[in-house]
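Here is what each chain is made of, one letter per residue.
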Amino acid sequence: MGPTTLRPVIRRITTGLVVLWAAASAAYLALLAAPGDTVDSIIGDGADTPQIRAEIVTEWGLDRPAIVQYLDYLRRLAVGDLGRSYLMQRPVTEVIGDQIAPTLALAVTAAGLGVLLAVTLAVATAGDRRRWLRRASSGVELLMVSTPPFLIGIVLLSVLSFRFGLFPVSGDQGAAALVLPAVTLALPIAGLLAQVLRDGLERALDEPFVLTARARGVRERAVLLRHALRHALLPAVTLAGWLFGILLGGAVIVEQVFGRPGLGQVTLTAVTSKDMPVVLAVVTLSAAVYVVVNTAADLAYLLVDPRLRRT
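Residue numbers restart at each chain and count upward from 1, following the sequence in its written direction. The predicted origin of the model limits local features to residues at a pLDDT of at least 70 and limits the giving and counting of side-chain atom pairs to 80 or more, whereas totals for whole chains, interfaces and linings rest on all residues. Only hydrogens and water are set aside when side-chain values are computed; all heavy atoms of the structure are taken into account.

As named in an unreviewed UniProt entry, the protein is Peptide/nickel transport system permease protein, taken from Micromonospora krabiensis. UniProt positions are given in the numbering used here, feature names are shortened, and annotations may be inferred rather than shown by experiment. What UniProt records for the protein under Sequence similarities (unreviewed entry) is the sentence "Belongs to the binding-protein-dependent transport system permease family."

**Q** Before we move on, can you summarise helix α6 (residues 131–146) with the specific residues and values?
**A** Strands here mean DSSP runs of E at least two residues long; helices mean DSSP runs of H or I at least four residues long; both are numbered from the N terminus. An expected span of 1.5 Å times one less than the residue number is assigned to each helix. Taking 1.5 Å per residue, 16 residues should reach 22 Å; α6 reaches 22 Å between its end C-alpha atoms and fits that length. The cut-offs for exposure are 20% and 50% of the maximum accessible area for each residue type, with area from a 1.4 Å probe on protein chains only; residues under the lower value are buried, those over the upper are exposed, and the others partly exposed. When we look at burial in α6, the residues that qualify are S137, E141 and M144. Looking straight down α6, one finds that the buried residues subtend no more than 60 degrees of arc, so they occupy a single side. Turned more than 90 degrees from where α6 packs its buried face, R131, W132, R135, L142, L143 and S146 sit exposed. Residues of α6 that are buried make contact with α5 (92–125), α7 (149–163) and α8 (176–204). The arc in question is the one traced by the directions running from the helix axis out to the C-beta atoms. Contacts are residue-level and defined by heavy atoms, with any inter-residue pair within 4.5 Å sufficient.

**Q** Requested: an account of the environment of A118, with residues and values cited.
**A** Looking at where A118 falls in the secondary structure, it is placed in helix α5. Separated by 62 residues in sequence, A118 and I56 place their C-alpha atoms 49 Å apart. If we ignore the near neighbours within four places in the chain, the residues touching A118 are A190, L193, A194 and L197.

**Q** How would you sum up the pattern of salt bridges? Please name residues and give values.
**A** Whenever a carboxyl oxygen of Asp or Glu lies within 4 Å of a side-chain nitrogen of Lys or Arg, that contact is scored as a salt bridge. Tallying each qualifying case throughout the model produces 9 salt bridges. Residue R76 is joined to D72 by a salt bridge in which the shortest nitrogen-to-oxygen separation is 3.4 Å. Highlighted residues: R76 and D72, both in helix α4 (residues 66–78), separated by 4 residues, approximately one helical turn. By the burial criterion, R76 is buried, and D72 matches it. For D199, the salt bridge identified is with R203, shortest N-O distance 2.2 Å. Of this pair, D199 and R203 are both found in helix α8, 4 residues apart, which corresponds to roughly one turn of the helix. Taking the relative accessible area as the measure of exposure, R203 reaches 46% and is therefore partly exposed. Residues participating in the shared-partner salt-bridge network are R64, D72, R75 and R76.

**Q** So, the packing of α5 against helix α11 (residues 247–258): which residues are in play, and what are the values?
**A** A fitted line through C-alpha atoms serves as each axis, taken over the contacting stretch for helices, and the angle formed by two N-to-C directions is quoted from 0 to 180°. Two numbers describe how α5 lies on α11: the axes approach to 10 Å, and their chain directions differ by 115 degrees. Here α5 is positioned roughly perpendicular relative to α11, judged by the angle of their axes. Remark: the crossing between α5 and α11 carries right-handed chirality. Between α5, through T103, L106, A107 and A111, and α11, the contact on the second element is made entirely by L247, L248, A251, V254 and E255. Here the nonpolar group is Ala, Val, Leu, Ile, Met, Phe, Trp, Tyr, Cys and Pro; Asp, Glu, Lys and Arg are the charged ones; every other residue, Gly included, is treated as polar. Residue classes in the contact of α5 with α11 are distributed as 7 nonpolar, 1 polar and 1 charged. Angles below 35 degrees are treated as roughly parallel, those above 145 as roughly antiparallel, those between 65 and 115 as roughly perpendicular, and all remaining angles as oblique. By definition, any crossing whose near helix is turned counterclockwise from its far helix by less than a right angle is left-handed, and any crossing with a clockwise turn is right-handed.

**Q** Quick one: what's the story with unusual backbone geometry, residue by residue and with numbers?
**A** Non-glycine residue Q89 carries a positive phi angle of around 55 degrees. Inspection of the secondary structure assignment puts Q89 in the loop between β1 (84–85) and β2 (90–91). Judged by relative accessible area, which is 39%, Q89 ranks as partly exposed.

**Q** Residues and numbers for α11, please.
**A** Under the 1.5 Å per step criterion, the end-to-end length of α11 is 16 Å for 12 residues, consistent within 8% with the ideal 16 Å. Of all the positions in α11, only L247, L248, G250, A251, V254, E255 and F258 are classed as buried. Seen from one end, α11 has its buried residues packed into an arc of 145 degrees, which puts them on one side. Positive phi shows up at G259, right after α11, with a value of about 60 degrees.

**Q** Please provide a residue-by-residue account of the side chain of T267, values included.
**A** With respect to the helices and strands, T267 occurs in helix α12 (residues 263–272). With a relative accessible area of 18%, T267 lands in the buried category. A polar side-chain atom of T267 sits 2.7 Å from the main-chain carbonyl oxygen of L263. Throughout this description, a polar contact denotes any pair of N or O atoms lying within 3.5 Å of each other; where both atoms belong to protein, one of them has to be capable of donating a hydrogen while the other can accept it, and for residues adjacent in sequence the pair is counted only when both atoms sit in side chains.

**Q** Help me get a handle on the packing of aromatic side chains, residues and values and all.
**A** The rule is short: rings of Phe, Tyr and Trp, with Trp giving its six-membered ring, pair when the centres are within 6.5 Å, and they are stacked under 30 degrees, edge-to-face over 60, tilted in between. Per the stated rule, a full pass over the model turns up 2 aromatic pairs. Judged by centre distance (5.7 Å) and plane angle (50 degrees), the ring pair of Y28 and Y70 falls under tilted. Taken together, the residues span a long stretch of sequence, with Y28 in helix α1 (residues 3–33) and Y70 in helix α4 at a distance of 42 residues. The class of Y70 is buried, set by a relative accessible area of 17%. Directly above the ring of F164 sits R163, whose terminal nitrogen or CZ lies 5.7 Å from the centroid. Only when the NZ of Lys or the CZ of Arg is both within 6 Å of the ring centre and within 35 degrees of the ring normal is a charge said to sit over the ring.

So, in structure tokens, the structure goes:
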């Protein structure tokens, strides 16, 4: 990797770190701005004793100047210290660590399935002269984008679980229990990505390099997959990074619909019981995932379009 390529990589990583710092700072300021005493906010609905209050003051440095408290908060975040849940009497890293694997499995599976469906739909209908097929595909995609994920999940549960018994109703036992939640999250992603990809493919099919490939006798399917698809990926990569970043938010709702373990249950419990250390950790983690995914999407541009390495 030469200096020309290294500079944009460093610039994008630096931008991501700045965004992450801003998100962590906003979460910290929200804690300070909460009504009432900061110690009361951190205790939430947990046990309230003088000893616990003294531990909170020591842990958060509430007896020190505000700038020192803030810098210590950032230092603890940098080393992965998310504080302690005084409601559950456990470190926050343990609370989240026990539940993050099911949520990540759901988000990654849904993202992969959504991208696969989108590419399949876009490639199957781009440049197709059969207008009825295009209209049917566009209608299905619009339906997928417009329907709330929780409603998709309820319909899938009613038909495929309650009526036909093909998949488990709830829980996280085996791959079969992952299918319906992943499909629920993947369908809206696939509908939106397919529309963007198809539009990019059809613009690419009118470019001079496609005409040159056709003139050399390259088959139409090969032109579409080997030449036009790569050209159409840039806007789709941008959108895919944004969509994957919000998958965690969608997973919170879908996990509740399907009764799955994960960050959804942790977040709901933390919010309803006013467990602020856990809420802050979930907000910071979501921001970190969003930053990492979108930084990776920015870096993927350099692979998709080599011209960006020189600009």
